[in-house]
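Structural features, examined
Below are the chains, spelled out letter by letter.
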Amino acid sequence: MKFSHYIVCLAAFSPATFANELPPILDFYPLCSPQTINTANDKMVYDIDPDLLKSSNGDVLSHRDAYVQQALVEIQRKASAAGADAVIIDRLTVGGIDRSIALQDGSNRAKSNTQQIHVITTAQYVNLCDDTQLSSDPTPYNSKGKAVSYTQTTVKLTMPNEGNVLKQAQKHQAPDALITTDSAYGIHIGDSVDDLLLALGPHSIQLQLDNGASVYGYGRSLWFVIKDNRVAMITQDLGLLNGHGQNQIPLSENYDSDNWVIANKVHQGDELNSVKAHLALKKQGDVYSVSGKNSRLLLTFEDYNESVSQEAVSRLNSFAILPLTTIDEHQVNFGNFDNIDIATLLTLTSPQAYTLQPQQLSNQIQLIESGAKVLVNSNVLLGFDRQGVVNSIKITESMFGAQTMSEFNAVLASYNLPTIKSELLARYPNAEDNFDNIMLTEGGVMLSINFDSYDDDAQLIDLTLHF
């Protein structure tokens, strides 16, 4: 920043300025570290003035800036009520909803129109030191509600996430676990993504597939395949993540229980003959199906040897609901992360900060206490803060399909990582040796590496770096 600009900033936020009615939103951090008296998360929803929409040909987000300014004034008023001297905006997300719902009789008339701006913010209410001068270090969002590097993007959202997504999911009242030939948990084949999120709440994981579809997972074993913004398939066995991959997803009390029921009679674990008494099953290879009008219910059974002296019993294990026509095979479409030098970050010597781009956020494990994790490939997860800046790396055995140890070691080699404990201790000489784990805490960096045994030549299983 030019020196003259810096002088103007200092003058603009002199003590006289802070005497104004509303606390200012700071464009630059104070030279003296302020005291944060509250961190407020807000979501403000504004119905767009119809006259404004007419003047802009109905483009909701063309009025973004006007409503952002209105939201910022609301934040300033709340900060004033809290006794704050100033406000620092850490996060600001703007979404536009433009949606019409037709009458059920098929009429072209609209039953309801929703045209809104949603402004989601995280703001620090701060008290300043006696020295109120500002530095040349810009805050994440300035008093105009724009980042230092600002690009206008128009995005239509149904309902942006707000606050702690994990807490939202835990508090969400799950629908009854009823299964039919075309629905599960109240969601039917053909329902919209909006319907899904409203009924089931925040999803645990999302994946982008190479056939253009996406997947929303709930818990570890309830999956909804989405194509053209509609539910195309519901299944308990997606066949993408292996057991290790599923274990990266926290358990969900809402969706990992075995309390689902079909036709008010059939439950998981019921014997095949009992299920046949209630459902018109038709054998298709290794599974059984029940046909509906526009979809089919597939049931898989597994043989259990419950006694040495008795024959194996075939019991209901899982379900899937598909359209009558076959659907494509699933493969995850991983994003391009060539802009992030993971190997250099693992040396612990690089000050480089990397910001994830929107196209890199398509594959995420979301409901994790420490925040969402992006899947780079089958072996790597990246954590990130609210501004999208990478703040953690996890390298682990494959989460998708089978992988030999030599194949995993080749992945480690691609990031210039040793594969055995003794070599890693030599790489990180200040690390603490905890037998099958080594740990290093240095400044703001924490490194933890797990091995398959206590031995010096133990194989690396997973590595997690927080910075």
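Up top is the structure.
This one's a predicted model, so the numbers in the text were calculated from it and none came from an experiment.

**A short note on the packing of aromatic side chains**
- Tallied over the entire structure, the rule returns eight aromatic pairs.
- A ring pair is formed by Y46 and Y67, whose centres lie 5.5 Å apart and whose planes are at 35°; its orientation type is tilted. Taken together, the positions of Y46 in strand β2 (residues 35-47) and Y67 in helix α4 (residues 64-81) put the pair 21 residues apart, joining distant regions of the chain.
- Accessibility expressed as a relative area gives 9% for Y67, which makes it buried.
- With a centroid separation of 5.3 Å and 70° between ring planes, the pair formed by Y218 and Y255 is classed as edge-to-face. Taken together, the positions of Y218 in strand β10 (residues 214-218) and Y255 in the loop between α7 (243-246) and β13 (261-262) put the pair 37 residues apart, joining distant regions of the chain. Summarising the burial analysis for this pair, Y218 and Y255 share the class buried.
- Through successive ring pairs, a cluster of aromatic residues spans Y185, Y218, F224 and Y255.

**Topic: the pairing of strand β26 (residues 460-466)**
- With respect to burial, β26 is a largely interior element, five of its seven residues being buried.
- Strand direction decides the pairing type here: strand β22 (residues 390-396) and β26, joined by five bridges, are antiparallel. The partner of K394 across the bridge, within β26, is T464.
- Relative to β26, strand β25 (residues 445-451) is paired through six bridges, and the arrangement is antiparallel. Bridge pairing in β26 links S448 to T464.

**Here's the deal with the pattern of salt bridges**
- One pass over the structure, following the stated rule, counts four salt bridges.
- Of the charged contacts, one joins K78 and D42 as a salt bridge, the two residues approaching to 2.8 Å between their closest N and O atoms. Of this pair, K78 sits in helix α4 while D42 sits in strand β2, placing them 36 residues apart in sequence.
- When its relative accessible area of 37% is taken as the criterion, K78 is described as partly exposed.
- Among the salt bridges present, the one from K146 reaches D65, with a minimum N-O distance of 3.7 Å. Note that K146 is positioned in the loop between β5 (134-138) and α5 (165-171) and D65 in helix α4, a separation of 81 residues in sequence.

**Looking at the state of the cysteines**
- Per the stated rule, a full pass over the model turns up one disulfide.
- Disulfide pairing places C32 opposite C129 at an S-S distance of 2.0 Å. Sign of the S-S torsion, about -70° for the bond between C32 and C129, identifies this disulfide as left-handed. Placement of the pair is C32 in the loop between β1 (28-30) and β2 and C129 in the loop between β4 (110-127) and β5, with a sequence separation of 97 residues.
- The class for C32 is partly exposed, based on a relative accessible area of 28%.
- Among the residues examined, C129 registers a relative accessible area of 22% and is labelled partly exposed.

**Some points on unusual backbone geometry**
- Of note, the phi angle at A263 is positive, near 55°, even though the residue is not glycine.
- Non-glycine residue N264 carries a positive phi angle of around 60°.
- Tracing the sequence through the fold places N264 in the loop between β13 and β14 (266-267).
- Residue N264 is classed as exposed on the basis of its relative accessible area of 66%.

**Examining the nonpolar core**
- Core analysis: the largest hydrophobic core is formed by 33 residues, its most contacted members being I340, L346, L382, I393, I395, Y428 and I449.
- Among the secondary structure elements, those contributing two or more residues to this core are α9 (342-345), β21 (380-384), β22, α10 (405-414), β24 (437-442), β25 and β26.
- The residues touching L382, leaving out its near neighbours within four places in the chain, are F337, I340, L356, A372, K373, V374, V376, V390, S392 and I393.
- Membership of the second largest hydrophobic core comes to 32 residues, among which are A174, V193, L200 and I321.

**A word on the environment of R91**
- Its place among the elements puts R91 in strand β3 (residues 86-102).
- When the C-alpha atoms of R91 and R386 are compared, they prove to be 6.7 Å apart, with 295 residues separating the residues in sequence.

**Comments concerning α4**
- The end-to-end C-alpha distance of α4 is 26 Å, a good match for the 26 Å that 18 residues give at a rise of 1.5 Å each.
- Among all positions in α4, only R64, Y67, V68, A71, L72, I75, Q76 and A79 are buried.

Parameters and conventions
Residues numbered from 1 in each chain as written. Predicted model: local features only at pLDDT ≥ 70, side-chain atom pairs only at ≥ 80, totals over all residues. Heavy atoms only, no water. Phe/Tyr/Trp six-rings, centres within 6.5 Å; stacked < 30°, edge-to-face > 60°. Helix = DSSP H or I, 4+ residues; strand = E, 2+ residues; numbered from the N terminus. Buried < 20%, exposed > 50% of the residue type's maximum accessible area, 1.4 Å probe, protein only. Pairing = 2+ DSSP bridges. Salt bridge = Lys/Arg side-chain N within 4 Å of Asp/Glu carboxyl O. Disulfide = S-S within 2.5 Å. Core = buried A, V, L, I, M, F, W, Y, C linked by side-chain atoms within 4.5 Å. Contact = heavy atoms within 4.5 Å. Expected span 1.5 Å × (residues − 1).

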